[in-house]
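# Working through the structure, step by step
Here is what each chain is made of, one letter per residue.
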Amino acid sequence: MTASFLRTAIILGLLSAIGPFAIDMYLPALPSIGKDLGAANNIVQLSLLSFFISFALSQLVYGPLSDIWGRKAPLYLGIGLFTLASIGCAVASDIETLIAFRFLQGIGGAAGMVIPRAVVRDMHTGVQAARLMSLLMLVFSISPILAPLTGSAVIEFYGWRGVFYAVMIAAAIGLVLLSTQLKETRPKEHRSDSTIGSAIAAYRLLLGDRNFLTLTFIGGLGISSFLVYLANSPFVLIDHYGLTPTQYSFAFSINAVSFFAVSQATGWLGERFGLVRLMRMAVTMFALTMVSMFVVMSLGINQLPVMAAFLFVGYGVLGLVIPTSSVLALEDHGEIAGTASALMGTLHFVTSAVAMVITSIFFDGTALPMAAGIALCALGAFLVTQATIGRRRRVVAAE
């Protein structure tokens with residue numbers, strides 16, 4: 001692994017993590033924001049919802065822009081907007097202003113979610129792309145480990161406004177690294193055929209590409225399982241199992257550590273087994289682990305250590321599913337990698353939102369509905385894989 005390879009992964013990982021970091025650091029600040037701005041809790045939560053909406057939908061714009069303008073220009077635009085919006089959030093004097101700037105912050109942060117995946121596709125394919133994607137996720141996965149603890153510390157010393165100054169500084173560092181350390185990976189000669197019309201045609205092509213959609217939804221269902229845990233775990237672990245907020249932060253971080261640690265084996269395992277076979281094996285183990293967790297808990301074995309052990313193993317295996325499915329989905333779409341990455345990101349968020357809403361309907365304060373939601377996402381990924389990827393491989397083998 002060369003120094004430039006590692007440096008690229010760190011820069012792309014940082015740019016990818018800026019948006020999620022603004023979510024994870026921000027959560028501990030919600031109560032104090034409501035008190036300071038005189039807003040009810042449900043109104044304060046609109047500032048989170050506005051970020052999610054703009055963050056998800058803006059990805060559809062940045063993808064084509066990165067194909068038309070190149071990768072760096074839209075990144076400058078997005079991260080620059082995120083930086084300015086963070087300042088607006090920090091100085092907001094009422095909740096309406098905060099919600100508006102959070103919306104703008106989401107628009108800016110979406111650039112960092114979409115374009116780094118396209119950069120990976122520009123630079124590499126196959127196992128090398130999987131290795132770079134897994135390294136990118138290593139940096140990206142630091143967010144759910146450090147952000148809650150960092151956010152709590154910042155709030156304690158500088159108040160909730162300090163959170164937005166902190167993410168502004170992170171974005172500014174990202175801009176400096178983007179300017180000085182990252183080369184343009186889509187030169188002008190590759191952009192000549194990229195227009196708004198070609199972007200619309202590209203979306204039409206992608207929506208009709210069964211292979212792309214299949215791999216996207218496999219990854220999306222995997223991500224959904226984690227976001228179901230993210231949305232429900234504070235209530236389950238703190239209210240149901242009685243953990244303190246600090247204990248919860250460590251429990252949450254352990255799963256993230258498992259995810260990014262296992263993901264680093266993607267390149268080696270991909271070379272040994274092939275990416276398609278690796279993904280099929282990983283999806284199978286992921287589904288088996290999470291469904292087994294639900295069955296065991298349904299039988300009354302509902303202790304926290306048991307659930308934690310299953311989650312540790314399951315989310316570790318998910319660290320193989322996400323990078324392989326992403327690389328394989330983009331493999332055949334190098335010329336429209338930005339657009340493909342954008343559609344992938346939006347579909348991931350839409351899938352996750354549906355899973356979170358359905359799980360919340362059945363949530364009763366116990367761990368079982370959360371376990372059921374996680375298991376259903378994992379089972380869905382397995383069924384999609386078997387019905388499409390698995391069947392196609394069997395047909396090829398028969399021929």
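About the thresholds
- Along every chain, residues carry numbers that run from 1 in the direction the sequence is written.
- Residue-level local features of this predicted model are given only where pLDDT is at least 70; pairs of side-chain atoms are given and counted only at 80 or more, and the full residue set underlies all totals for whole chains, interfaces and linings.
- Hydrogens and waters are ignored; side-chain quantities use all the structure's heavy atoms.
- Helix and strand assignments follow DSSP, with helices taken as H or I runs no shorter than four residues and strands as E runs no shorter than two, numbered in order from the N terminus.
- Only C-alpha atoms enter the radius of gyration, while the globule expectation follows 2.2 Å times N to the 0.38, with N the number of residues.
- Between buried and exposed lies partly exposed: a residue is buried under 20% and exposed over 50% of the maximum accessible area for its type, with that area taken using a 1.4 Å probe on protein chains only.
- It only takes one pair of heavy atoms within 4.5 Å for two residues to be counted as in contact.
- Note on areas: these come from Shrake-Rupley sampling with a 1.4 Å probe, and a residue is covered only by the protein chains present in the view.
- A residue counts as positive if it is Lys or Arg and as negative if it is Asp or Glu; His and the chain ends are not included.
- By convention, charge coordinates are those of NZ in Lys, CZ in Arg, CG in Asp, or CD in Glu.
- Polar contact is defined as a pair of N or O atoms within 3.5 Å, subject to the rule that within protein one atom must be able to donate a hydrogen and the other to accept it, and that residues adjacent in sequence are counted only when both atoms are side-chain atoms.
- Looking at any residue, its pLDDT shows the predictor's confidence there, from 0 to 100.
- Each aromatic pair joins two rings of Phe, Tyr and Trp (for Trp, the six-membered one) with centres within 6.5 Å, and gets the label stacked for planes under 30 degrees apart, edge-to-face for over 60, and tilted for any other angle.
- By arc we mean the arc of the directions from the helix axis to the C-beta atoms, nothing more.
- Buriedness of a pocket was judged along seven lines, with at least five required to meet protein on both sides within 12 Å; pockets are open sets of points on a 1 Å grid over the protein atoms alone, cavities are sets where a 1.4 Å probe fits but cannot get out, and lining residues have an atom within 4 Å of a point.
- Grid points are joined across faces, edges and corners, and a volume is the space filled by probe spheres set on the points.
- Three residue categories are used. Nonpolar comprises Ala, Val, Leu, Ile, Met, Phe, Trp, Tyr, Cys and Pro, charged comprises Asp, Glu, Lys and Arg, and polar comprises the others, including Gly.
- Salt bridges are defined by distance alone: a side-chain nitrogen of Lys or Arg within 4 Å of a carboxyl oxygen of Asp or Glu.

What follows covers the overall build of the chain. A count of helices and strands for the chain gives 16 helices and zero strands. Taken over C-alpha atoms, the radius of gyration comes to 21 Å for the chain, in line with the 21 Å a tight globule of 399 residues would show. By its C-alpha atoms, the chain is 65 × 55 × 40 Å across when sized along the principal axes. Counting all 399 residues of the chain, 55% fall into the buried class. Partitioning the intrachain contacts of the chain with sequence separation of at least 6 by distance along the chain shows that 85% fall at a separation of at least 24. Roughly 16,600 Å² of accessible area belongs to the chain as shown, and the carbon and sulfur atoms make up 70% of that amount. Positive and negative side-chain charges in the chain, numbering 22 and 18 respectively, have mean positions lying 8 Å apart.

Structurally, A118 is set in helix α5 (residues 95-123). Discounting residues that sit within four places of it in the chain, A118 has contacts with R71, A337, G338 and S341.

Once that is clear, we can look at the side chain of T388. Note that T388 resides in helix α16 (residues 368-398). Polar contacts involving the side chain of T388 include one to the main-chain carbonyl oxygen of V384, which spans 2.5 Å. Once residues within four sequence positions are removed from consideration, T388 is found in contact with R210 and T214.

On to the environment of A17. Counting through the fold element by element, A17 comes out in helix α1 (residues 3-24). The class of A17 is buried, set by a relative accessible area of 9%.

The next point concerns the environment of R102. Here R102 is to be found in helix α5. On the accessibility criterion, R102 (0% relative accessible area) is buried. Dropping the residues within four chain positions of it, R102 is found in contact with A22, I23, Y26, S47, L48, S50, F51, S54, C89 and F164.

When the pLDDT values of the chain are averaged, the result is 85; 92% of them are 70 or greater. Here residues 392-399 is a poorly scored stretch, pLDDT under 50, and it has six contacts once near neighbours within four places are set aside; other chains count.

Evaluated as defined, the whole model comprises six aromatic pairs. Relative to F55, the ring of F51 has its centre 5.4 Å away and its plane inclined at 15 degrees; by these criteria the two rings are stacked. Of the two residues, F51 and F55 are both situated in helix α3 (residues 41-69); the distance of four residues between them amounts to about one turn of the helix. For F51, a relative accessible area of 0% corresponds to the buried category. For F55, a relative accessible area of 1% puts it in the buried group.

On to helix α12 (residues 266-273), then. Listed in full, the buried residues belonging to α12 are T266, G267, L269 and G270. Down the axis of α12, the sector holding all buried residues measures 170 degrees, keeping them to one side. In α12, those exposed residues whose orientation departs by more than 90 degrees from the buried face are W268, E271 and R272.

Our next topic: empty space enclosed by the protein. Empty pockets left among the atoms are what a rolling probe the size of a water molecule brings to light. Per the stated rule, a full pass over the model turns up two cavities of 30 Å³ or more. Volume-wise, the second largest cavity comes out at about 40 Å³. In this structure, the second largest cavity is lined by R117, V120, R121, H124, T125, A129, M133, V327, L330 and E331. Broken down by secondary-structure element, the contributors of at least two residues to the lining of the second largest cavity are α5, α6 (126-140) and α14 (304-330). Looking at the lining of the second largest cavity, the element that brings in the most residues is α5, giving three residues. Looking at side-chain class alone, the lining of the second largest cavity contains five nonpolar, two polar and three charged residues.

Our next topic: the pattern of salt bridges. This structure, assessed with the given rule, holds three salt bridges. The partner of D67 in a salt bridge is R71, with the nearest N and O atoms 2.8 Å apart. D67 gets classed as buried once you look at its relative accessible area, which sits at 3%. Among the charged side chains, a salt-bridge network with shared partners connects D67, R71 and D122.

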